[in-house]
Amino acid sequence: MAADDAVSRSVPAPASSPTIASPQVGGLEVRSVTKSYGRRRVLTDVSFHVPAGRSLAVVGANGCGKSTLLKICAGLVSPDRGTVRVHGRLGYCPQEMGLDGFLTSEDHLAWFGRGRGLSRRAAVAEGSRVAAALDWSIPRRQQVRHLSGGTRQKLNVTTTMLSDPGVVLLDEPYQGFDHGSYLDFWGLVDQWCDEGRAVVVVTHLLHELNRVHDVLDLSRTEVD
Ligand SMILES: Nc1ncnc2c1ncn2[C@@H]1O[C@H](COP(=O)(O)OP(=O)(O)OP(=O)(O)O)[C@@H](O)[C@H]1O
């Protein structure tokens, strides 16, 4: 594989301190990414750049490759060609939630927080701040399988932010949110940009495109 074809990402050293760090400044550069599944070409020569403090919405018809593109950016799927460069720590909020129904929300925060060296108490405190911004008060003992779908999705977003990512990848993250939480979510995107993060949101909601800085329409593969 030629150097230019490799997926490269900068991986930060593990946090040595359990204290809460200041927000990461991040950026994402995608160049000429092409991907097929078998004979089916899903992405052709996709390029874009999300600098620190900017947000990008990825839109397009069902099956045009939005989730595949995000998985490539997250390093979960390899492109056939092209490069992805991630500056800063990466946070990925997948469409299929990686939650364990028999654990509580606090267990999840402690679990994800360990990746950054946070104590359970610090992880719950930090997670509670994100949750509060989504108008959610984290229940102490309820197992995740007993939460509503929208509430599980809030936990999905909250755990994503526990790594204090510089680059935030969100795949239709507001599914099941009530209207107020949905508006809160877009307010959070603004806040994350103000903090210097680079934010990518896969969305079908075209009337919200004025909430982001840039739009990548995979049906056309151009950045407006
Ligand atoms: N692991 C896989 N193996 C084979 N085909 C796949 C795989 N993952 C996705 N596909 C196919 O690739 C195409 C793009 O899928 P993808 O999920 O990226 O689209 P999408 O734009 O996110 O769709 P949606 O808007 O419905 O969520 C689809 O035709 C899908 O069936």
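Up top is the structure these notes are about.
Scope of this entry: the structure provided in the associated data block. (Residues numbered from 1 in each chain as written. Predicted model: local features only at pLDDT ≥ 70, side-chain atom pairs only at ≥ 80, totals over all residues. Heavy atoms only, no water.)

Let's talk about helix 4 (residues 149-161)
Stated formally: Strands are runs of DSSP state E lasting at least 2 residues, helices are runs of H or I lasting at least 4, and numbering of each runs from the N terminus. Take the number of residues in a helix, subtract one, and multiply by 1.5 Å to get its expected span. Here's how the labels work: a residue is buried when its accessible area is under 20% of the maximum for its type, exposed when over 50%, partly exposed in between, all with a 1.4 Å probe on protein chains only.
Its 13 residues place the ends of helix 4 19 Å apart at the C-alpha level, agreeing with the 18 Å of an ideal helix rising 1.5 Å per residue. Among the 13 residues that make up helix 4, 11 are buried, leaving the element largely enclosed by the rest of the structure. Inspection of helix 4 places Gly150, Thr151, Gln153, Lys154, Leu155, Asn156, Val157, Thr158, Thr159, Thr160 and Met161 among the buried residues, and these make up the whole buried set.

Details of the pattern of salt bridges
As a reminder, the rule being used: A pair is scored as a salt bridge if a Lys or Arg side-chain nitrogen falls within 4 Å of a carboxyl oxygen belonging to Asp or Glu.
Counted by the stated rule, this structure contains eight salt bridges. One salt bridge connects Arg120 with Asp107, and the closest N-O pair in it is separated by 2.9 Å. In this pair, Arg120 sits in helix 3 (residues 120-133) while Asp107 sits in helix 2 (residues 105-114), placing the two residues 13 residues apart along the sequence. For Asp190, the salt bridge is made with Arg211, and the minimal N-O distance between the two is 3.1 Å. Remark: Arg211 occurs in the loop between strand 7 (198-202) and strand 8 (214-217) and Asp190 occurs in helix 5 (residues 179-194); sequence separation between them is 21 residues. Overall, the relative accessible area of 32% leaves Asp190 in the partly exposed class. The class of Arg211 is partly exposed, set by a relative accessible area of 26%. Here the residues in one salt-bridge network are Arg89, Asp164, Glu195 and Arg197, joined through shared partners.

A short note on the environment of Asp214
On the secondary structure map, Asp214 appears in strand 8. Assessed through its relative accessible area of 16%, Asp214 is described here as buried. On a C-alpha basis, the gap between Asp214 and Val50 in space is 8.5 Å, while along the polypeptide they are 164 residues apart.

A few points about the environment of Pro165
Following the sequence through the fold, Pro165 ends up in the loop between helix 4 and strand 6 (167-171). Overall, the relative accessible area of 0% leaves Pro165 in the buried class. Distance from Pro165 to Gly88, taken between C-alpha atoms, is 7.0 Å for residues 77 residues apart in sequence.

Description of the site of the ligand
Defined as follows: Throughout, the term near means that a residue has one or more heavy atoms lying within 4 Å of the molecule or strand in question. Each polar contact in these results corresponds to two N or O atoms within 3.5 Å; when the atoms are within protein, one needs to be able to donate a hydrogen and the other to accept it, and residues that are neighboring in sequence are counted only if both atoms are side-chain atoms. Accessible areas in this description were obtained via Shrake-Rupley with a 1.4 Å probe; residue shielding takes into account the shown protein chains only. Polar here means any residue outside two lists: the nonpolar Ala, Val, Leu, Ile, Met, Phe, Trp, Tyr, Cys and Pro, and the charged Asp, Glu, Lys and Arg; Gly therefore counts as polar.
The full set close to the ligand counts 13 residues, and Arg40, Gly63, Lys66, Ser67 and Thr68 are the nearest of them. Between an oxygen atom of the ligand and a side-chain N or O atom of Asn62, the distance comes to 3.0 Å. Gly63 places a polar main-chain atom, nitrogen or oxygen, 2.9 Å from an oxygen atom of the ligand. A total of 640 Å² of accessible area belongs to the ligand in isolation, and the protein chains cover 60% of it. When residues of the shell around the ligand are traced back to their parent elements, those giving at least two are strand 2 (40-50) and helix 1 (66-73). For the shell around the ligand, the element with the highest residue contribution is helix 1, accounting for three residues. Class assignment for the residues of the shell around the ligand results in four nonpolar, seven polar and two charged.

Brief notes about the packing of helix 2 against helix 4
Rules: Axes here refer to lines fitted to C-alpha atoms; in helices the fit is confined to the stretch in contact. Angles between the N-to-C directions go from 0 to 180 degrees. Any angle that falls under 35 degrees is termed roughly parallel, while one over 145 is termed roughly antiparallel, one within 65 to 115 roughly perpendicular, and all others oblique. If you view the pair so one helix is near and one far, a crossing is left-handed when the near helix is turned anticlockwise from the far one by less than a right angle, and right-handed when it is turned clockwise. By the convention used here, residues are in contact when the closest approach between their heavy atoms is within 4.5 Å.
Their axes nearest at 9 Å, the elements helix 2 and helix 4 cross at an angle of 20°. It follows from the interaxial angle that helix 2 and helix 4 lie roughly parallel. Seen from above, helix 2 lies across helix 4 with right-handed handedness. Counting all contacts with helix 2, which are made through Ser105, His108, Leu109 and Phe112, the residues of helix 4 involved are Leu155, Thr158 and Thr159. By residue class, the composition of the contact of helix 2 with helix 4 is three nonpolar, four polar and no charged.

Here we look at the sheet that holds strand 2
Let me state the cut-off plainly: By this definition, two strands are paired if DSSP reports at least two bridges between them.
The three strands lie next to each other as 2-1-4, forming an open sheet whose pairing is antiparallel. Of all strands in the sheet, those bounded by a partner on one side alone are strand 2 and strand 4 (81-87). For this sheet the average axis-to-axis angle between neighbouring strands, irrespective of direction, equals 20°. Pairing between strand 1 (residues 27-37) and strand 4: six bridges, direction antiparallel. Each bridged residue has a counterpart across the sheet, and for Val30 the counterpart in strand 4 is Val84.

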